[in-house]
Amino acid sequence: MDDRQGGALVVLEGPDHVGKSTQVERLAQWFRQRKRSVCVSREPGGDALGETIRTMLLGESVDGWTELFLFLAGRARHLNEVIEPALRRGELVILDRYTPSTLVYQGAQLGEEVVLQLTSLPVFRRPEITIILDCAAPLGALDTLDRFEFSGLDGWHERRVRYQILARRFGWVLLSGDGSPESVTERLVGVLAQEGIG
Ligand code: TYD
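Residues numbered from 1 in each chain as written. Predicted model: local features only at pLDDT ≥ 70, side-chain atom pairs only at ≥ 80, totals over all residues. Heavy atoms only, no water.

(A) Structural context of the overall build of the protein. When helices and strands are counted, the protein shows seven helices and five strands. Relative to a compact globule of 198 residues, whose C-alpha radius of gyration would be 16 Å, the protein shows 16 Å and is just as compact. By principal-axis analysis of the C-alpha atoms, the protein measures approximately 45 × 35 × 30 Å. Residue burial in the protein is summarised as follows: out of 198 residues, 48% are buried. Of the roughly 9500 Å² of accessible surface on the protein, a fraction of 52% belongs to carbon and sulfur atoms. Placing the 23 positive and 28 negative side-chain charges of the protein at their respective mean positions leaves the two points 5 Å apart. (Helix = DSSP H or I, 4+ residues; strand = E, 2+ residues; numbered from the N terminus. Rg over C-alpha atoms; globule rule 2.2 N^0.38 Å. Buried < 20%, exposed > 50% of the residue type's maximum accessible area, 1.4 Å probe, protein only. Areas by Shrake-Rupley, 256 points an atom, 1.4 Å probe, with all protein chains shown as cover. Lys, Arg positive; Asp, Glu negative; His and termini not counted. Charge placed at Lys NZ, Arg CZ, Asp CG, Glu CD.)

(B) Main features of the sheet that holds strand β2 (residues 38–42). Pairing in this open sheet of five strands is parallel, and the strands run β2-β3-β1-β4-β5 from one edge to the other. Two strands close off the open sheet at either side, each with one partner strand: β2 and β5 (173–176). Between one strand and the next, the sheet's axes are offset by a mean angle of 25°, whatever the strand orientation. Across four bridges, strand β1 (residues 8–13) lies against strand β4 (residues 129–134) in parallel orientation. What sits directly across from Glu13, in β4, is Ile132. Contacts from helix α6 (residues 152–170) reach β1, β4 and β5, with the element oriented near 145° to β4. (Pairing = 2+ DSSP bridges. Axes fitted to C-alpha atoms, helices over the stretch in contact; angles between N-to-C directions. Contact = heavy atoms within 4.5 Å.)

(C) A look at unusual backbone geometry. The omega torsion across Glu43 and Pro44 is -10°, close enough to zero to call that bond cis. Relative to the assigned elements, Pro44 resides in the loop between β2 and α2 (48–59). With phi around 70°, Lys35 is a residue other than glycine that occupies positive phi space. The residue Lys35 is located in the loop between α1 (20–33) and β2 in this model. Lys35 sits in the exposed class, given a relative accessible area of 62%. Phi at Arg97 is positive, roughly 80°, even though this residue is not glycine. Structurally, the position occupied by Arg97 is in the loop between β3 (92–96) and α4 (99–110).

Here you go:
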């Protein structure tokens, strides 16, 4: 494995508290140890403007449409400034959240089909692979919920089911996030290898 391989966009998704951020870091480390250039990023966020949008979104309650367009504006900027340049450099880009979050969170509020139309605009690159981490229950207590993670455990289960349904519809990989962090990383590496991503 070396840096002559082409760029690929890998999205890790799922409800809150399924170990996404941990696995994004573990996966990046696994590839870096094998001398693969990796770019790790997250949404909302990505660059300075993206982080400003993140602070706005997580801090302030705005109406649903404004919220949706802020997420999408942040995504367009993120793609332009971070993701596309990294892919052009041949890097493996590992993203913590992307379009699936918009479909699950804003789709629940505004309607899935209209959100799908907007998230499918050509400006929003399609990832090589989208993996949904699926856990039977949240890992750890739901004591640090942000304003998108409403309704406690019931809300969490609703979001889990929405991810499962959307995964079937869009061909995303639904992967068990249960078990030790090591075993989950192994499964992730296995899925990527099967898809020829490395
Ligand atoms: P974050 O702290 O990154 O959550 P987590 O650690 O669970 O990934 O917060 C991001 C929040 O933003 C999360 O609750 C999901 C929400 N979100 C949306 O509602 N729509 C989106 O398009 C994205 C990318 C995130």
